[in-house]
Amino acid sequence: TGPSGCGKSTLLHIIGTLDRPDSGTVTLFGEDAGTLDEAGLSRLRATRIGFIFQLHHLLPQLTALENVLVPTLAGTDRPDRADAAGRARKLLDRVGLGAHMDKKPQQLSGGEQQRVAVVRALIRQPGLLLADEPTGALDAANGWALMNLLLELNAELGTALVMVTHDPILAGLMKRPLQMVEGKLV
């Protein structure tokens, strides 16, 4: 948590290897991310890290199901297509979008688009899930349902969850809430 502009999203981008730190190291899954070349970083992001961005970044020409499956197309260790599609359908059902999986983003509400983006982040069963205001575009009921899903997956799969939020109640649900103050975690 922390005020706007304090560096929360930047920290997520550094943890997710989208940005490089000015100093220090980022160690993920026992590897110093600073020693990886761009191909290694891409492989790490594609297979081990899930991103939930503030903006959905859905491809407008694809259906919800197809958007969810995009991360399964990356890399050489692609999951089986039928298995991935089955998992995508189950996750879309779990977030209340089973009846909307054939709709394109412009046919979905902002909250529905956000839930598609969450499922897309989860499709490869990442070891680390980075969430930047994942409930910001959702109404209260869907926000709580999404948080419950994220916490369940954290417990079930052992997926580490790092979340940025302005909501102190949501922050209180985390095992280790931290606050950004003047660019430092406290």
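In case you missed it, the structure is sitting above this.
The residue numbers shown here count from 1 along each chain, following its written sequence. In view of the model being predicted, local features appear only for residues whose pLDDT reaches at least 70, and side-chain atom pairs are presented and counted only at 80 or more, with totals across whole chains, interfaces and linings using the full set of residues. Water and hydrogen atoms were dropped before computing side-chain values, which therefore reflect all heavy atoms in the structure.

J.: Explain the pattern of salt bridges residue by residue, including any values.
T.: Any two side chains of opposite charge can pair, on the condition that their charged atoms come close. For this document, the term salt bridge refers to a Lys or Arg side-chain nitrogen within 4 Å of an Asp or Glu carboxyl oxygen. For the structure on display, the rule yields three salt bridges. With its nearest N and O atoms 2.5 Å apart, the salt bridge here joins E152 to R94. One end of the pair, E152, is in helix 6 (residues 140–157); the other, R94, is in helix 4 (residues 81–94), and 58 residues separate them in sequence. By relative accessible area, E152 is classed as partly exposed at 36%. Burial classes: relative accessible area under 20% of the type maximum marks a residue as buried, over 50% as exposed, and values in between as partly exposed (1.4 Å probe, protein chains only). For R94, a relative accessible area of 38% translates into the label partly exposed. With its nearest N and O atoms 3.3 Å apart, the salt bridge here joins E156 to R94. One end of the pair, E156, is in helix 6; the other, R94, is in helix 4, and 62 residues separate them in sequence. Judged by relative accessible area, E156 falls into the exposed class, the value being 51%. Among the ionic contacts, a cluster of salt bridges with common partners joins R94, E152 and E156. Secondary structure follows DSSP: runs of H or I at least 4 residues long count as helices, runs of E at least 2 residues long count as strands, and numbering of each begins at the N terminus.

J.: If you had to explain the pairing of strand 5 (residues 160–164) to someone new, which residues and values would you point to?
T.: When DSSP finds at least two bridges between two strands, those strands are taken to pair. In this structure, strand 4 (residues 128–132) lies alongside strand 5, joined through five bridges in parallel fashion. Residue pairing across strands places L130 opposite V162, the latter belonging to strand 5. Throughout, right-handed denotes a crossover for which the path from the first strand over the helix to the second runs clockwise when the strands point away from the viewer. Once you follow strand 4 into helix 6 and on to strand 5, the crossover reads as right-handed.

J.: Before we move on, can you summarise the sheet that holds strand 3 (residues 49–52) with the specific residues and values?
T.: Taken in spatial order, the three strands make up an open sheet running 3-4-5, and their pairing is parallel. Since the sheet does not close on itself, it has two edges, and those belong to strand 3 and strand 5, each with one partner. Between one strand axis and the next, the sheet turns by 10 degrees as a mean value, whatever way the strands run. By definition, residues are in contact when any of their heavy atoms lie within 4.5 Å. Each axis is a line fitted through C-alpha atoms, taken for helices only over the stretch in contact, and angles between the N-to-C directions span 0 to 180 degrees. Relative to strand 4, helix 1 (residues 8–15) is tilted by about 155 degrees, and along the sheet it contacts strand 4 and strand 5. Set on the sheet, helix 6 makes contact with strand 3, strand 4 and strand 5; between it and strand 5 the angle comes to about 150 degrees.

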